[in-house]
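Examination of the molecular architecture
The chain contents come next:
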Amino acid sequence: MPNKILVFMGPPGSGKGTQAKRLGAFLNFKHISSGDLVRRILASDTVDQEEKKEVEKSRQGLLVADWLIYKLVFKEIEKNLQIGHGVILDGVIRNLEQAEDFFKFFTEKKWLKEVKIVWISLSDAEAMERLTKRRVCSKCNEIVAYSLETKDLSACLKCGGELIVRPDDNVETLTKRLKIQGTAAQQPILEFFRNSGVPVVEIDGRSAIEKVLEDIKQVV
Ligand SMILES: [Zn+2]
């Protein structure tokens, strides 16, 4: 039986979002991405202005405030675990303070033994290479990761829309993102969980998507 709270971590470009989604479908676990929760806020016209203003930051490569992440994510976790469902947290814990607060939340709820961290490793150089080459559908926003299978695609496989490089996938913005969210920045978080007795498993993110998924299935 896999642990019920799987925390996916890794630098941008490591493919953790894709893997989290696929593993979620495989295990029938709820995939919780702060990116998706944040986009839901942007698309909604009933949310308050303070939340929306906070969310706009993420468009400039900055991180959304902790209070908003907690509000959104704690609720989702509780909802699922109360009915016996597992969750996969994707890109949710992004700094040491958040790690400590999530740890506290898991401890209070007595869910600590259900937590496992899955770290998908990728060097900053490889991350930069992948991110500057990835594309997005101009119609449906589907992200098309750079790979041998996708490099010659010109139209979206889902809707036929034109594939373009996102304006913020440039070296300058990505350098900023990697500094805030890259491997070095995330080490203290991994260290904190290890020291707190939470299992941390490492997966080599350089492999092909299918191989990475198989590797993850082996360790959860
Ligand atoms: Zn599309």
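Heads up: these notes are all about the structure in this document. Nothing here was measured: the structure is a model prediction, and the numbers come from that model.

We now examine the sheet that holds strand β6 (residues 143-144). Taken in spatial order, the three strands make up an open sheet running β6-β5-β7, and their pairing is antiparallel. If you trace the sheet from one side to the other, it starts and ends with β6 and β7 (163-164), each paired once. Judged from the two bridges that link them, strand β5 (residues 135-137) and β7 form a sheet pairing that is antiparallel. The partner of Val136 across the bridge, within β7, is Ile164.

With that settled, the discussion passes to the coordination of the zinc ion. Any two of four tetrahedral donors ideally make an angle of 109.5 degrees at the metal, while pairs among six octahedral donors ideally make 90 or 180 degrees. Within the protein, Cys137 (SG), Cys140 (SG), Cys156 (SG) and Cys159 (SG) serve as the donor atoms for the zinc ion, at 2.3 Å. For the zinc ion, the single-chain donor residues occur in sequence as C-x2-C-x15-C-x2-C.

In contact at an axis separation of 10 Å, helix α1 (residues 16-27) and helix α9 (residues 209-219) are set at 55 degrees when each is read in the N-to-C sense. Viewed along their axes, α1 and α9 adopt a mutual orientation that is oblique. α1 and α9 meet at a crossing whose hand is right-handed. Between α1 and α9, the contacting residues are Thr18, Gln19, Arg22, Leu23 and Phe26 on the first element and Ile209, Glu210, Val212, Leu213, Ile216 and Lys217 on the second. Residue composition of the contact of α1 with α9, by class: six nonpolar, two polar and three charged.

To continue, consider the pattern of salt bridges. Within this structure, the stated rule accounts for 15 salt bridges. Among the ionic contacts, a cluster of salt bridges with common partners joins Arg134, Arg166, Asp168 and Asp169.

Rules and cut-offs
- Residues numbered from 1 in each chain as written.
- Predicted model: local features only at pLDDT ≥ 70, side-chain atom pairs only at ≥ 80, totals over all residues.
- Heavy atoms only, no water.
- Pairing = 2+ DSSP bridges.
- Helix = DSSP H or I, 4+ residues; strand = E, 2+ residues; numbered from the N terminus.
- Donors = N, O, S within 2.8 Å, 3.2 Å for Na, K, Ca; no water.
- Axes fitted to C-alpha atoms, helices over the stretch in contact; angles between N-to-C directions.
- Parallel < 35°, antiparallel > 145°, perpendicular 65-115°, else oblique.
- Left-handed = near helix turned anticlockwise from the far one by under 90°.
- Contact = heavy atoms within 4.5 Å.
- Nonpolar A, V, L, I, M, F, W, Y, C, P; charged D, E, K, R; others polar.
- Salt bridge = Lys/Arg side-chain N within 4 Å of Asp/Glu carboxyl O.

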